Amino acid sequence: DDVLVEVRDLDMAFKIKGQRGQPTMLHVLHKLSFDIGRGETLGLVGESGSGKSTAGRILVGLFEPTGGSVKLFGRPITGPERRANLAAVRSRLQFVFQDPHAALNPRLRVGDSIAEPIDIAGTMSRRDRNDRVKELLEMVGLPRDSAERFPHEFSGGQRQRIVIARALALAPAFIVCDEPVSALDVSMQAQIINLLMDLQARFGLSYLFIAHDLAVVRAVTHRVAVMYAGSIVEVAPKDVLYEKPQHPYTQALLDAVPRPDPARVRPQVIGGEVPSLLVPPPGCRFHTRCPHAMPRCRVDIPVLRETGDGRQTACHLYEGPSVIPSAARDLPR
Ligand code: SF4
Ligand code: MG
């Protein structure tokens, strides 16, 4: 099967302490549905707090969602088979976090950090393990003798290479990259992005690439999903999305990117506040900020619809067949 990741109607709510101390539910994700194919990079973009990182953590098994289903390599990691299936696929999943400094234990030699997943799996001889570490260092463009050194001896970009080497240790098929270059300066960013793309071409890796930098996302992804307040509002092949954004939020997001165009001195910014996830707005969650909002947008939750060119958009301005049948979506108006 060529679909590695299949997400349907994914919901996530966290219990938090509200005002006056009573437990309150924070609805972080609402009915997310998407697929990621073998060798594909899906970008996940949106403002901070839109739920991108939570979605990424669910996909590597760190959080159990409160609703919907997730299949990895055809196996459900939601429902009663969660534990067994997660154990079966764990070695094929990895996570690369934003901050390579925090991700590495400063007291561990680089070789031991890289070998951590191998040591946990406990299936390789000492000699094979050490050979594998050297091979991994080479794969990410670091000298083989880096294994004996400590993280502080490396630059931020080199440390992110070490983190990537560790992620590759067990030859995964799917890696969630959560803002993997945001902590790096621009020249380092390009190098790490090139490395990730080379590794993808070499090993047929799939990535979920979470980022707020739209230029970086365009460089690295095949398709892009745009999140707003816990929902996917639009997903499309990247050139379709960047050249002709359909959803008013995607349009606003792309308009907010400064362009080297003298006629547009000030980038347009999105007015209004990001809505509260404690009491999300009814209907379309973007209606409080949308320049095209209609009366129906305040009551009727838009669902993702196929709108052509491989695109799906959740907005009442667009017609098309609904992507996912869902009980909640069939509620009468
Ligand atoms: Fe705007 Fe309505 Fe579309 Fe939401 S559904 S983005 S409020 S037009
Ligand atoms: Mg985040």
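What counts and what doesn't
- Residues numbered from 1 in each chain as written.
- Chains lettered and ligands numbered in written order.
- Predicted model: local features only at pLDDT ≥ 70, side-chain atom pairs only at ≥ 80, totals over all residues.
- UniProt positions renumbered as here; feature names shortened; annotations may be inferred.
- Pairing = 2+ DSSP bridges.
- Helix = DSSP H or I, 4+ residues; strand = E, 2+ residues; numbered from the N terminus.
- Axes fitted to C-alpha atoms, helices over the stretch in contact; angles between N-to-C directions.
- Expected span 1.5 Å × (residues − 1).
- Buried ≥ 20, exposed ≤ 12 C-beta atoms within 10 Å, placed from the backbone.
- Arc of directions from axis to C-beta.
- Contact = placed C-beta atoms within 7 Å.

- An unreviewed UniProt entry annotates the chain as ABC transporter ATP-binding protein of Vineibacter terrae.
- Under the Subcellular location (unreviewed entry) heading, UniProt states for the chain: "Cell inner membrane".
- In its Sequence similarities (unreviewed entry) section, UniProt records this for the chain: "Belongs to the ABC transporter superfamily."

### So, the sheet that holds strand E10 (residues 231–237)
Step number 1: If you trace the eight strands from one edge of the open sheet to the other, you get E6-E7-E8-E3-E9-E10-E12-E11, paired in mixed fashion. Every interior strand has two partners, whereas the edge strands, strand E6 (93–96) and strand E11 (305–308), have only one. Recorded for the sheet is a direction-independent mean angle of 20° between the axes of neighbouring strands.
Step number 2: Pairing analysis gives four bridges linking E6 to strand E7 (residues 174–178), with the strands arranged parallel.

### Focus on helix H6 (residues 126–139)
Step number 1: Here H6 contains 14 residues, and its C-alpha end-to-end distance of 20 Å stays within 8% of the 20 Å for a straight helix at 1.5 Å per residue.
Step number 2: Those residues of H6 that fall on the buried side of the exposure criterion are Val133, Leu136 and Leu137. One side of H6 carries all its buried residues, which in axial view fall inside an arc of 100°. H6 presents Arg127, Asp128 and Asp131 as exposed residues on the side facing more than 90 degrees away from its buried surface.
Step number 3: Along its buried surface, H6 packs onto helix H4 (110–114) and helix H7 (156–168).
Step number 4: Backbone geometry just downstream of H6 places Gly141 in the positive-phi region, at approximately 80°.

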